[in-house]
Amino acid sequence: TVSFGAHAAIRSTAASATWKVPYGLDIRLASCVPIPFGTADDCLFEFGRLQAGETVLIQGGGGGVGLAAIPLAKRAGATVYATASSDEKLAKLREYGMDVGINYRRDDAVAEVRRLTDNRGVNLVVDPVGGDTLAQSLKCIGYRGRAITVGNASRDVRQYDIRTLGGMTQSITGVFLGAEISTPRARAMIDGHLRDVAKGELKVLGDREVALADAAEAHRYIESRSAVGRVL
């Protein structure tokens with residue numbers, strides 16, 4: 001992983017931001033693990049405090065963090081709801097452990113979550129989108145619910161009225177893996193995910209591979225929101 005810069009065939013980086021690829025694991029799949037799975041794990045467990053038997057909503061389930069968070073949450077014994085922009089994407093997410101999908105272009109995500117939880121709301125929301133989606137996420141959590149905001153893929157910078165959180169003892173936490181990634185805890189956690197992927201205990205989905213010379217086309221494809229999984 002690197003803090004700044006991209007689109008180079010070779011570059012140097014700090015040893016603290018590298019991991020050994022387990023024997024037999026394709027390095028292309030391995031490259032999909034540290035940031036998405038490390039971020040998802042921190043959102044769900046280190047800061048989201050997800051427990052077995054709880055409910056979690058993964059916003060933007062077809063993105064890198066979403067596709068990592070879904071199997072991790074399911075493996076931990078949670079009921080997993082996820083949003084995506086099409087039924088086709090949601091069908092793919094079911095293969096990764098999603099229990100119920102919500103097509104946010106067709107359905108009201110807040111109303112669906114409330115319906116699915118008998119109006120209680122979910123215990124945890126992981127929101128890598130931000131903007132209006134984060135405003136909706138805050139309406140999806142129930143008593144003692146937690147909302148995690150990470151990444152802000154929408155690039156929508158806005159203010160939120162969080163005064164209502166106090167009435168239900170709710171919380172919102174911002175997560176940035178970059179602040180944690182060199183710690184022994186985070187390094188061991190990511191090492192564990194690499195081993196699990198190598199053993200076939202966790203699945204990684206790469207959407208497509210693009211030559212470095214076609215990087216601009218890769219960006220256009222990502223920005224179209226058509227991708228399900230990582231674009232390499």
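Structural data are supplied above this passage.
This write-up is about the structure you can find in this document. (Residues numbered from 1 in each chain as written. Predicted model: local features only at pLDDT ≥ 70, side-chain atom pairs only at ≥ 80, totals over all residues. Heavy atoms only, no water.)

1. Remarks on the overall build of the chain
Where we set the bar: Going along the chain from the N terminus, every DSSP run of H or I of four or more residues is numbered as a helix, and every run of E of two or more is numbered as a strand. Between the two quantities, the radius of gyration covers C-alpha atoms and the globule rule is 2.2 Å times the number of residues to the power 0.38. Buried, partly exposed and exposed residues are distinguished by accessible area as a fraction of the type maximum, computed with a 1.4 Å probe on protein chains only: under 20%, between the cut-offs, and over 50%, respectively.
When its secondary structure is counted, the chain shows 8 helices and 8 strands. By the compact-globule yardstick of 17 Å for 232 residues, the chain fits well, its C-alpha radius of gyration being 17 Å. The C-alpha extent of the chain, read off along each of the three principal axes, is 50 × 35 × 35 Å. Taken over 232 residues, the chain has a buried fraction of 44%.

2. Some thoughts on unusual backbone geometry
The backbone of Asp 118 shows a phi angle near 55°, a positive value even though the residue is not glycine. Locating Asp 118 in the fold gives a position in the loop between helix 5 (109-116) and strand 4 (122-127). At Asn 119, a residue that is not glycine, the phi angle is positive and equals roughly 70°.

3. Some words on the packing of aromatic side chains
Selection rule: We call Phe, Tyr and Trp rings a pair once their centres come within 6.5 Å, taking the six-membered ring for Trp, and we label the pair stacked below 30 degrees between planes, edge-to-face above 60, and tilted otherwise. In this analysis the charged atom, NZ for Lys or CZ for Arg, is taken to sit over a ring once it is within 6 Å of the ring centre and within 35 degrees of the ring normal.
Scanning all chains against the criterion turns up 0 aromatic pairs. Directly above the aromatic system of Tyr 221 lies the positively charged group of Arg 208, at a separation of 3.6 Å from the ring centroid.

4. Observations regarding the sheet that holds strand 1 (residues 55-58)
We apply this condition: Strands qualify as paired when DSSP identifies two bridges or more between them. What counts as an axis is a line fitted to C-alpha atoms, over the stretch in contact for a helix, and the angles between N-to-C directions run from 0 to 180 degrees.
Spatial ordering of the open sheet is given by 3-2-1-4-5-6, a layout of 6 strands whose pairing is parallel. With one partner strand each, in any of the chains shown, strand 3 (100-103) and strand 6 (171-174) form the two edges of the open sheet. When strand polarity is set aside, the average angle formed by the axes of neighbouring strands in this sheet is 15°. Looking at chain direction, strand 1 and strand 2 (residues 79-84) are connected through 4 bridges and run parallel. Following the sheet pairing, Thr 55 is matched in strand 2 by Thr 79.

5. A closer look at helix 2 (residues 34-46)
Here is the rule: Between the first and last residue of a helix there are one fewer steps than residues, each counted as 1.5 Å, and that sum is the expected span.
Taking 1.5 Å per residue as the helical rise, helix 2 with its 13 residues ought to reach 18 Å, whereas the 16 Å between its terminal C-alpha atoms falls clearly short. With 10 of 13 residues buried, helix 2 is to be regarded as a mostly interior element. Of the positions making up helix 2, those classed as buried are Pro 34, Pro 36, Phe 37, Gly 38, Thr 39, Ala 40, Asp 41, Asp 42, Cys 43 and Leu 44.

6. So, the layout of surface pockets
Our working definition: The method works on a 1 Å grid over the protein atoms by themselves. A cavity is a set of points holding a 1.4 Å probe that cannot get out, a pocket is an open set with protein on both sides within 12 Å along at least five of seven lines, and residues with an atom within 4 Å of a point line them. Grid points are joined across faces, edges and corners, and a volume is the space filled by probe spheres set on the points. Three residue categories are used. Nonpolar comprises Ala, Val, Leu, Ile, Met, Phe, Trp, Tyr, Cys and Pro, charged comprises Asp, Glu, Lys and Arg, and polar comprises the others, including Gly.
Of the pockets and cavities examined, the second largest pocket occupies roughly 150 Å³. As for the second largest pocket, its lining consists of Ala 135, Leu 138, Lys 139, Arg 158, Gln 159, Tyr 160, Asp 161, Thr 164, Leu 165 and Gln 170. Each residue belonging to the lining of the second largest pocket can be placed in one class, and the counts come to 4 nonpolar, 3 polar and 3 charged.

7. A few points about the pattern of salt bridges
Formally: Salt-bridge detection follows one rule: a side-chain nitrogen of Lys or Arg within 4 Å of a carboxyl oxygen of Asp or Glu.
Evaluation of the coordinates by the stated rule reveals 18 salt bridges. A salt bridge links Glu 95 to Lys 92; the nearest nitrogen and oxygen atoms lie 3.8 Å apart. Judged by its relative accessible area of 47%, Glu 95 falls in the partly exposed class. The salt bridge involving Asp 196 is made with Lys 199; its shortest N-O contact spans 3.8 Å. The class for Asp 196 is buried, based on a relative accessible area of 12%. Because the salt bridges share partners, they merge into one network encompassing Asp 42, Glu 46, Glu 180 and Arg 185.

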